[in-house]
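# A look at the structure
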Amino acid sequence: MRLTMAILLATLLAGPATSGLSALAPRYDEALKLFHSGKYNESLDVIREVFDDHRGAVELRLLAAQNYMYLGEYESARAHMTYCLKENAKRLECYATLSSIYRAEQRYNNAIKTARSGIGKVGESVPLRLELASAYYATGKYAASRAHLEKVLQNDPNNFTAIYMDGLIFLKQGKFANAEFRLRHALDIKPKTSIDLLHLYVNLGFAIEREGDRLVAAGERAEGIRRYSEASRHYNYALRIDSNHPLARESRERMKSKEIQ
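What you see is a predicted model; the values in this text were computed from it and never measured. (Residues numbered from 1 in each chain as written. Predicted model: local features only at pLDDT ≥ 70, side-chain atom pairs only at ≥ 80, totals over all residues. Heavy atoms only, no water.)

### Overview of the state of the cysteines
Note the threshold: In this description, a disulfide is simply a cysteine sulfur pair whose atoms lie within 2.5 Å. Numbered from the N terminus, helices here are DSSP runs of H or I no shorter than four residues, and strands are runs of E no shorter than two. Each residue is assigned to one of three classes by its accessible area relative to the maximum for its type, calculated with a 1.4 Å probe on protein chains only: buried under 20%, partly exposed between the two thresholds, exposed over 50%.
For the coordinates displayed, the defined rule picks out 1 disulfide. Covalent S-S linkage joins Cys84 and Cys94, the inter-sulfur distance amounting to 1.9 Å. Of this pair, Cys84 sits in helix 4 (residues 74-87) while Cys94 is found in helix 5 (residues 92-104), placing the two residues 10 residues apart along the sequence. The burial state of Cys84 is the same as that of Cys94; both residues are buried.

### Describing the packing of helix 5 against helix 6 (residues 108-122)
Using the following cut-off: For helices, the fitted axis covers only the stretch in contact; all axes are lines through C-alpha atoms, and the angles between them, taken along N-to-C directions, range from 0 to 180 degrees. Our angle categories are set so that under 35 degrees counts as roughly parallel, over 145 as roughly antiparallel, 65 to 115 as roughly perpendicular, and the remainder as oblique. For this analysis, residues touch if any pair of their heavy atoms sits within 4.5 Å. Amino acids are sorted into nonpolar (Ala, Val, Leu, Ile, Met, Phe, Trp, Tyr, Cys and Pro), charged (Asp, Glu, Lys and Arg) and polar (every other residue, Gly among them).
Here helix 5 crosses helix 6 at 170°, and the two axes come no closer than 7 Å. Taken together, the axis directions place helix 5 and helix 6 in an arrangement best described as roughly antiparallel. Contacts between helix 5 and helix 6 involve Leu92, Tyr95, Leu98, Ser99, Tyr102 and Arg103 from the former and Tyr108, Asn110, Ala111, Thr114, Ala115, Ser117, Gly118, Lys121 and Val122 from the latter. Per-class residue counts for the contact of helix 5 with helix 6 are 8 nonpolar, 5 polar and 2 charged.

### Quick notes on helix 7 (residues 126-138)
In an α-helix, one turn spans 3.6 residues; hence positions three or four apart end up facing the same way. Here is the rule we go by: Each residue after the first adds 1.5 Å to the expected span of a helix. The definition of a polar contact used here is a pair of N or O atoms within 3.5 Å, where within protein one atom must be able to donate a hydrogen and the other to accept one, and adjacent residues in sequence count solely through side-chain atom pairs.
Between its terminal C-alpha atoms helix 7 stretches 18 Å, which fits the 18 Å expected from 13 residues at 1.5 Å a residue. Within helix 7, the full set of buried residues consists of Pro127, Leu128, Arg129, Leu130, Glu131, Leu132, Ala133, Ser134, Ala135, Tyr136 and Tyr137. Measuring from the backbone nitrogen of Leu128 back to the side-chain oxygen at the start of helix 7 gives 3.3 Å, which picks out Ser125 as the cap. Once helix 7 finishes, Gly140 follows within two positions and takes phi at roughly 80°, a positive value.

### Comments concerning the nonpolar core
A general tendency of soluble globular proteins is for nonpolar side chains to be buried together. Note the cut-off: For the purposes of this section, nonpolar cores are sets of buried Ala, Val, Leu, Ile, Met, Phe, Trp, Tyr and Cys residues that join through side-chain atoms within 4.5 Å.
Core analysis: the largest hydrophobic core is formed by 39 residues, its most contacted members being Ile47, Leu60, Leu63 and Met81. It is helix 3 (residues 58-70) that contributes the most residues to this core, 8 residues altogether. Not counting residues within four places of it along the chain, the set of residues in contact with Leu63 comprises Tyr28, Ala31, Leu32, Phe35, Ser43 and Ile47. Grouped together as the second largest cluster of nonpolar side chains are 35 residues, Tyr164, Ile169, Ala231 and Met255 included.

### Here we look at the pattern of salt bridges
Heads up, the condition is: Whenever a carboxyl oxygen of Asp or Glu lies within 4 Å of a side-chain nitrogen of Lys or Arg, that contact is scored as a salt bridge.
Inspection of the entire model under this criterion finds 25 salt bridges. Ionic pairing is found between Glu105 and Arg78, a salt bridge with its closest N-O pair at 3.0 Å. Remark: Arg78 occurs in helix 4 and Glu105 occurs in the loop between helix 5 and helix 6; sequence separation between them is 27 residues. Arg226 is paired through a salt bridge with Glu223; the nearest N and O atoms lie 2.7 Å apart. Taken together, the positions of Arg226 and Glu223, both in helix 12 (residues 221-241) and 3 residues apart, correspond to about one turn of that helix. Accessibility expressed as a relative area gives 31% for Glu223, which makes it partly exposed. One network of salt bridges, in which partners are shared, links Glu180, Arg184, Glu223, Arg226, Arg227 and Glu230.

### A look at the side chain of Ser43
With respect to the helices and strands, Ser43 occurs in helix 2 (residues 40-51). A relative accessible area of 0% places Ser43 in the buried class. Side chain to side chain, Ser43 and Asn67 meet in a polar contact 2.9 Å long. The residues contacting Ser43, other than those within four sequence positions of it, are Ala31, Leu34, Phe35, Leu63 and Asn67.

### Re the environment of Ile169
Relative to the helices and strands, Ile169 is located in helix 9 (residues 160-172). Between the C-alpha atom of Ile169 and that of Pro127, which follows or precedes it by 42 residues, the distance is 19 Å. Contacts of Ile169, omitting those with residues within four sequence positions, involve Tyr137, Tyr142, Ser145, Arg146 and Leu149.

Shown next as structure tokens:
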């Protein structure tokens, strides 16, 4: 089964570059709201209307870059971050966003290089460690990914993204009991977005389902069926968020056949 995962590190998207700024550029909040509604072109239109008078506004460039990234216009996204880093060599948001753009392009070596450069410039950083963990995860280097997650959790023991990613690594490694434990912990923290919650339900359901498979194979059918029912509940929780989510629907149908065998 495929694992489902939102683009990791939407951590900066809740309000890019707003920390430490006494005043934001005009209409920034309006553009940010459009971004969060998935109206990326409309958000860019608002930014363009104020941009000429606020070219040095870090928050506008970060938001523009993220809009372009979600539109798949990576060259434009990178151009904003290149300028951002030229003028703000110690802004971790610029490094983290550029790294995430490279990840979206599947240019993972560039993503890693950028995040490492950022840590060298600004010091230890949870967002940059998460970027490194995400890039290594995407290339299947799970030990390296987990090493960076451990650094995150040393500084932020309840970091949702780090705990969730750790659970995904356990899933990839076939360690389903460990995956279930980690994903339940992530669920206790309560994801900030509905899409994160949907993906968490599907992956937690899969961990529970595979534990059910193990029990059935070991001759403990009654307990295995109980775990199947629990997995089904989590797939149904995901479908309450998005009734047409293909992987959630596929998973629920698979469970129906297992429960009646």
